[in-house]
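# Structure assessment
Residues per chain are reported as follows:
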Amino acid sequence: MTGTLITVAPTGAEVDKGEVPALPVTLDELVAAAVACERAGASIIHVHLRDDAAKPTLDPVRLRDAVAALRESTDLIVQLSTGGSVRDGEAARLAVLDAEPDMASCTMGTVNFGPDVFTNRWDFIVDLHERMRDKAVVPEYELFDLGHVTSLARLLDQRGLPFGDHVHVDFVLGVPGGAPGDASTVTTFAEATARYLPEGTTFSATGIGRTTLPVMFAAIAHGGHLRVGMEDTVTFARRQPVTGNDQLVTRAAEAAALAQRPAITTVEARKLLRMRD
Ligand code: KMH
Ligand code: ZN
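Attention in this report is confined to the structure presented alongside it. The structure displayed is predicted, hence computed values, not measured ones.

Conventions adopted
Residues numbered from 1 in each chain as written. Chains lettered and ligands numbered in written order. Predicted model: local features only at pLDDT ≥ 70, side-chain atom pairs only at ≥ 80, totals over all residues. Helix = DSSP H or I, 4+ residues; strand = E, 2+ residues; numbered from the N terminus. Rg over C-alpha atoms; globule rule 2.2 N^0.38 Å. Buried ≥ 20, exposed ≤ 12 C-beta atoms within 10 Å, placed from the backbone. Contact = placed C-beta atoms within 7 Å. Near = placed C-beta within 6 Å. Nonpolar A, V, L, I, M, F, W, Y, C, P; charged D, E, K, R; others polar. Pairing = 2+ DSSP bridges. Axes fitted to C-alpha atoms, helices over the stretch in contact; angles between N-to-C directions. Core = buried A, V, L, I, M, F, W, Y, C linked by C-beta atoms within 7 Å. Parallel < 35°, antiparallel > 145°, perpendicular 65-115°, else oblique. Left-handed = near helix turned anticlockwise from the far one by under 90°.

A count of helical and extended segments in the protein chain gives nine helices and 14 strands. The globule rule puts the C-alpha radius of gyration for 277 residues at 19 Å, and the 17 Å found for the protein chain is close to it. Across its three principal directions, the C-alpha atoms of the protein chain cover 45 × 40 × 40 Å. Going through the 277 residues of the protein chain one by one, you find that 49% of them count as buried. Contacts in the protein chain between residues at least 24 apart in sequence constitute 73% of all its contacts with a sequence separation of at least 6.

The subject of this paragraph is the site of ligand 1. Ala13, Ser81, Gly83, Ser105 and Phe118 are the nearest of the 13 residues found near ligand 1. Partitioned by chemical class, the residues of the shell around ligand 1 number four nonpolar, seven polar and two charged.

Turning our eyes to something else, we now look at the sheet that holds strand β5 (residues 77–80). What the eight strands build is a closed barrel, ordered β1-β2-β5-β6-β9-β10-β11-β12; its pairing is parallel. Pairwise comparison of adjacent strand axes, ignoring direction, gives a mean angle of 25° for this sheet. Bridge count between strand β1 (residues 6–8) and strand β2 (residues 44–47): two bridges; the pairing is parallel. Its bridge partner lying in β2, Thr7 is registered against Ile44. Most of the contacts of helix α2 (residues 60–73) go to β5, to which it runs at about 160°, and overall it touches β2 and β5.

It is worth spelling out the nonpolar core at this point. Core analysis: the biggest nonpolar cluster contains 77 residues, and Ile6, Cys37, Ala42, Ile45, Leu143, Val249 and Ala252 have the highest contact counts within it. Once residues within four sequence positions are removed from consideration, Ala252 is found in contact with Ile6, Met216, Leu226 and Val228.

Attention now goes to the packing of helix α6 (residues 183–196) against helix α7 (residues 212–221). It is the contact of α6 with α7, at a shortest axis distance of 8 Å, that shows an interaxial angle of 40°. One finds that α6 runs oblique with respect to α7. Here α6 and α7 pass one another in a crossing that is right-handed. Residues Ala183, Val186 and Thr187 of α6 touch α7, and the partners they reach there are Pro214, Val215, Ala218 and Ala219.

Close contact between α7 and helix α8 (residues 245–258) brings their axes to 10 Å; oriented N to C, the two are set at 35°. α7 and α8 meet at a crossing whose hand is right-handed. Here α7 contributes Met216, Phe217 and Ile220 to the contact with α8, which in turn contributes Ala252, Ala255 and Ala256. Of the residues contributing to the contact of α7 with α8, the split by class is six nonpolar, no polar and no charged.

Honestly, that's just the spatial picture; any functional story needs more than this.
Below is the structure:
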């Protein structure tokens, strides 16, 4: 069995900087977090940006600057979010690809998202999938619900494999409105992945909020990979706020090492995902 690929999602679009001062929102904070997380064992960074008021933004100039700055200071695989925030429109989400990241996220269906709706129409998904292939961007398909597994199977069947011919997915569990974040749901998703998606598909998993630990340990047990970070979890333990993203990556790397599947390097991660060097 291979080692563990660790993705860090340091910022997200939902956490409020005013409530969580350790959240990286400026470019300098993002780069500092990235450097610390790479040192702690991360190999992919899943990026959402904030504006000067710390609000989510898909500003194209900021996106290009962030990709350049992360490449300058780290060897991390740079994965831009095309999910953005629930208020972002499709055109701006598609335009994220113009920043030429290594990877980008592609969510496989609409899902209730707390009081909001995270909208992902079928035609939009198809467009995203095809534009990523045209631009040689490797997708990470985000699966928030079980039907998203079979939607991805249908997408690949109808539209072909992504750039690189390898399929990598991420189970995002514990979103209020999506699939629950517990060990048996990780098992269900892992089994559905093996049953419906191409042979060799790799998966990571993340659990929102307090579901982070059961999801992490179940994913390791299933031979899966991990995503952690302050996009998903801002409490390290009961009444203990996360001090920084590297704290979460360090814990994930320790868990992976205990399971005899230590964190892999960025070079190994690129091989695993069949990416260009
Ligand atoms: N912020 C969520 C509405 C992604 O990055 O692709 C969507 C999200 C998924 O975080
Ligand atoms: Zn995200």
